[in-house]
Amino acid sequence: MKYLFSILSSLIVVFGQTQAADKPNVIFILADDFGIGNVGCYGSDHYKTPQLDKLAAEGTRFTQCFTAALCGPSRAMIMTGRYAFRNGSSNQDACMVMPNKELQLARVFKSAGYDTSFIGKWGQLPGDPDEAGFDDYLRFNGSGVYWSRKPEKLEKYLMNGQEKELGVKEYMPDLMHERAVRFLKASQDKPFFLYYSLVHVHGDIQPTPDSAADSKDLFGDNILYMDKLVGKLVAELEALKLREKTLIIFMGDNGTGKGQTPLSTIGGRALSGMKGSMLECGGLVPMIANWPGKTPAGKVSAELIDSSDFLTTFAELSGGALPKDTIFDGQSMASQLRGEAGTPREWVFNQLAAMWYVRDAKWKLNEKNELYDMCEAPFAEKLVTGDHPARAKLAAVLAKLNPAGGIPDSGDGTGRHANKDKKKKGEEPMKKPEAPPTKPLTAEEQERATKFDKLDEAKTGKITRDYYTTHQSDAAAAAERFDKYDSDKDGLVSREEYILKGKTPKK
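Residues numbered from 1 in each chain as written. Predicted model: local features only at pLDDT ≥ 70, side-chain atom pairs only at ≥ 80, totals over all residues. Heavy atoms only, no water.

**Comments concerning the environment of Lys 501**
Stated precisely, the cut-off is as follows: Numbering goes from the N terminus for both helices and strands, where a helix is a DSSP run of H or I of at least four residues and a strand is a run of E of at least two. Contacts are assigned to residue pairs with any non-hydrogen atoms lying within 4.5 Å of each other.
Along the polypeptide, Lys 501 turns up in the segment after α16 (495-499). In sequence terms Lys 501 and Asp 486 are 15 residues apart; their C-alpha atoms lie 8.2 Å from each other. Setting aside residues up to four positions removed in sequence, Lys 501 forms contacts with Glu 444, Arg 448, Lys 484 and Tyr 485.

Set out below in structure tokens:
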């Protein structure tokens, strides 16, 4: 009997060790405005990513991972595991007022006993990271925070509720990396979850610490520096002897920004769609999973994934609990990450504003009942007219989801920030657009007025720095122009400021 008890005890210990080994640390790395045309292992013609390529070679690269086509809605789907018509996150502004209880990602890990940390971009989600279950956080405001450009106006960021200033010689991505390493060291004896939301490669694109003074490719510099930081993080895990216990997932939050698409080609071919677009590469993003000894090495998977899947996947891997009274749209891919067969998705759903589509491996059907043949994706998508079996199949999926019956879009139809002046609760509605100068416009000024009206899709009479730089071919040069035009330094350029290039109008 004593011998039998000893055997049973040994089995319990072995079983417990196996369970612990199957309960990984998780590092989720989210790159900003980083599409498949920017990654070496996806076939990028112009950009090199040796560290990401190594992660893919030693892990699994997914070629059909979809998310929403703008930062806020994408991050909301990742954090909630729910589609936009359920959680109300169909546009950038709506994401910021979404109920905090929707943000379940860190809470799932906390319920399983994990230490949790959020580092990076948070501004398009409600509240602060600690209110959503993160023990530790560093968050910066807005997007594209690399350096403090002006000594008299330092960039501010929050670290566990304490406001700090980014020194004139500090580089935010390096600061974030240092914080990530500190968290890994502090939590190395417990299971941990790190949500690492990168600055790279959102505009304004600025020189990196490694950029040559005369660099002609700052975007490429930024991709390479981001890649370097990923490699440094992996090296830290190895030094701490945590590599075998840690699942790393790297993905982009949406497609490449408009200004960077001309060079974001694969095999000499332009991609269909970009950030903010409902075409293929608005929402198709790179995704790499690496868990030594678990995730198959060198595998390229064409299984369909949408970003609602991460929450349910992490709940299964960690043993964390999800609320039972909530509909979640994700389908766990934990089995696939362990190298098992699993149950692949048959379709993915994507939404931005009141636009949406459902897509399977070969076909896409949108809210207008337009059916597209996707056999040439990601380079082209062909409209198909008339009856087709795929139309009925995908229409049945949309009918069951019923996105039109969910929370309606509250924006201007683009999914972008419709009116930045109304963001803060209690502010007065935005004033009517300023009238153009009373003096008759010159031919050059009339041309600039026409350009502004084309840029000002929301017809608010003002454009933001972020919006302007992402709609120009050279984001860095555009940022300098914007600062020049913004004569009252309110962070917005009015129609008059744009027409006059920031100069005071002559009376």
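Now that the structure has been shown, the text picks up again.
**Some words on the sheet that holds strand β14 (residues 363-366)**
Heads up, the condition is: A strand pair is defined by DSSP finding two or more bridges across the two strands. Only the contacting stretch of a helix is used when fitting its axis, a line to C-alpha atoms as for every element, and angles between N-to-C directions run 0 to 180 degrees.
Here 5 strands make up an open sheet; going across it, the order is β12-β13-β14-β15-β16 and the pairing antiparallel. The sheet is open, and its two edges are formed by β12 (348-352) and β16 (382-384), each paired on a single side. Each neighbouring strand pair of the sheet contributes to a mean axis angle of 25°, computed without reference to strand direction. Looking at chain direction, strand β13 (residues 355-359) and β14 are connected through 3 bridges and run antiparallel. When the bridges of β14 are listed, Val 358 appears paired with Leu 365.

**Some thoughts on the packing of aromatic side chains**
As a reminder, the rule being used: Side-chain rings of Phe, Tyr and Trp (the six-membered ring for Trp) are treated as a pair once their centres are within 6.5 Å; stacked means planes under 30 degrees apart, edge-to-face means over 60, and tilted covers the remaining angles. For each residue, the accessible area found with a 1.4 Å probe, counting protein chains only, is set against the maximum for its type, and the residue is called buried under 20%, exposed over 50%, and partly exposed in between. Over a ring means this: the NZ of a Lys or the CZ of an Arg is within 6 Å of the ring centre and within 35 degrees of the ring normal.
Going through the model one piece at a time under the given rule, you end up with 26 aromatic pairs. Centroid distance Phe 109 to Phe 193: 4.1 Å. Interplanar angle 10°. Geometry classified as stacked. Taken together, the positions of Phe 109 in helix α6 (residues 105-111) and Phe 193 in strand β7 (residues 192-197) put the pair 84 residues apart, joining distant regions of the chain. Phe 109 sits in the buried class, given a relative accessible area of 0%. Note on Phe 193: relative accessible area 0%, which makes it buried. Of the aromatic side chains, those joined through ring pairs into one cluster are Phe 28, Phe 109, Tyr 114, Phe 118, Trp 122, Phe 134, Phe 193, Tyr 195, Phe 310 and Phe 314. In this structure, Lys 364 is placed above the aromatic ring of Tyr 357, and the distance from its NZ or CZ to the ring centre is 4.6 Å.

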